Amino acid sequence: MLRRSRRPLLLAILAMAAVGCGRKPSDPVRELIDEIAAAAEDRDPDRVAARLSEAFRGQETIPRADMAASLRRYFAAYESIDVEVFDLEVTPGDGMARVRTRVGFTGQANRAFGLGGLLPPSAVYRFDVEARDEGGVWRVTRASWEQAAAPGASGGS
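I will try to describe carefully the structure that is included in this document. Per-chain numbering applies: the sequence of each chain, read as written, is numbered from 1 onward. pLDDT decides what is reported in this predicted model: residues at 70 or higher carry local features, side-chain atom pairs at 80 or more are listed and counted, and totals for whole chains, interfaces and linings draw on all residues regardless. Where side-chain values are given, they derive from all heavy atoms of the structure, hydrogens and water being excluded.

A few words on the overall build of the protein chain. The helix and strand labels rest on DSSP assignments: H or I over at least four residues marks a helix, E over at least two residues marks a strand, and numbering proceeds from the N terminus. Secondary structure summary: the protein chain contains 4 helices and 6 strands in total. Beginning at the N terminus, the succession of helices and strands in the protein chain can be written as α-α-α-β-β-α-β-β-β-β. Looking at the protein chain as a whole, 45% of its 157 residues are labelled buried. Should any heavy atoms of two residues lie within 4.5 Å, those residues are counted as being in contact. Summarising the internal contacts of the protein chain: among those between residues at least 6 apart in sequence, 58% fall at separations of at least 24. Accessible surface computed for the protein chain: about 7900 Å², of which carbon and sulfur atoms make up 47%. Summary of the burial criterion: residues with accessible area below 20% of their type's maximum are buried, those above 50% are exposed, and those between are partly exposed, where the area comes from a 1.4 Å probe applied to protein chains only. We get accessible surface area from the Shrake-Rupley algorithm with a probe of 1.4 Å; when it comes to residues, only the shown protein chains can shield them.

The subject of this paragraph is the nonpolar core. Residues L32, V140 and W145 are the most contacted members of the largest nonpolar core, which totals 29 residues. At the level of secondary structure, the elements contributing two or more residues to this core comprise helix 2 (28-41), strand 1 (52-58), helix 4 (64-77), strand 3 (78-92), strand 4 (96-109), strand 5 (122-134) and strand 6 (137-147). Ignoring anything within four residues of it in the chain, the contact list for L32 reads R51, A131, W138, R139 and V140. We define a nonpolar core as any set of buried Ala, Val, Leu, Ile, Met, Phe, Trp, Tyr and Cys residues linked to one another through side-chain atoms lying within 4.5 Å.

Just to be clear on terms, a salt bridge is a Lys or Arg side-chain nitrogen sitting within 4 Å of an Asp or Glu carboxyl oxygen. If you walk through the whole model with that rule in mind, you get 9 salt bridges. For R64, the salt bridge identified is with E54, shortest N-O distance 3.2 Å. On the criterion of sequence distance, the pair formed by R64 in helix 4 and E54 in strand 1 is long-range, its members being 10 residues apart. What makes R64 partly exposed here is its relative accessible area of 22%. E54 gets classed as exposed once you look at its relative accessible area, which sits at 65%. Between D128 and R142 there is a salt bridge whose closest N-O contact spans 3.3 Å. Taken together, the positions of D128 in strand 5 and R142 in strand 6 put the pair 14 residues apart, joining distant regions of the chain. With a relative accessible area of 15%, D128 lands in the buried category.

As a further point, take the environment of P28. Tracing the backbone shows P28 in helix 2. A C-alpha to C-alpha distance of 8.3 Å links P28 and V137, two positions 109 residues apart in sequence.

Below is the structure:
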């Protein structure tokens, strides 16, 4: 059974995925984000995991293997997934980039498993993501997240 505390793991990957939609393909960081976005929309955890660094840490402690396992469960639990990015900021550095954004997540729970009442149909999170060039291949090395207010929500962040 899925635990409520693990839901943000999927959202972290979706945030990274959603950031690059519609960006210039000549930018390797945006190409990385676009590939993760396509993989998340296709609910393909192996493609997402392939773009995570071996040194990946989510919330400072979640290793790549645990993230990949969580993605498998989450992607199986949803029939469809959509993300929308707000307040995108990309700060490039020497061989790395930092991405900060808010991401709206909507998903249709898999009815075959009776998960409709257990999984959230929508949520908004604020993400801080780091990507690095690892020998000519850009990968996500770190991701952290926290719940945020929806864009335009009164009293939100």
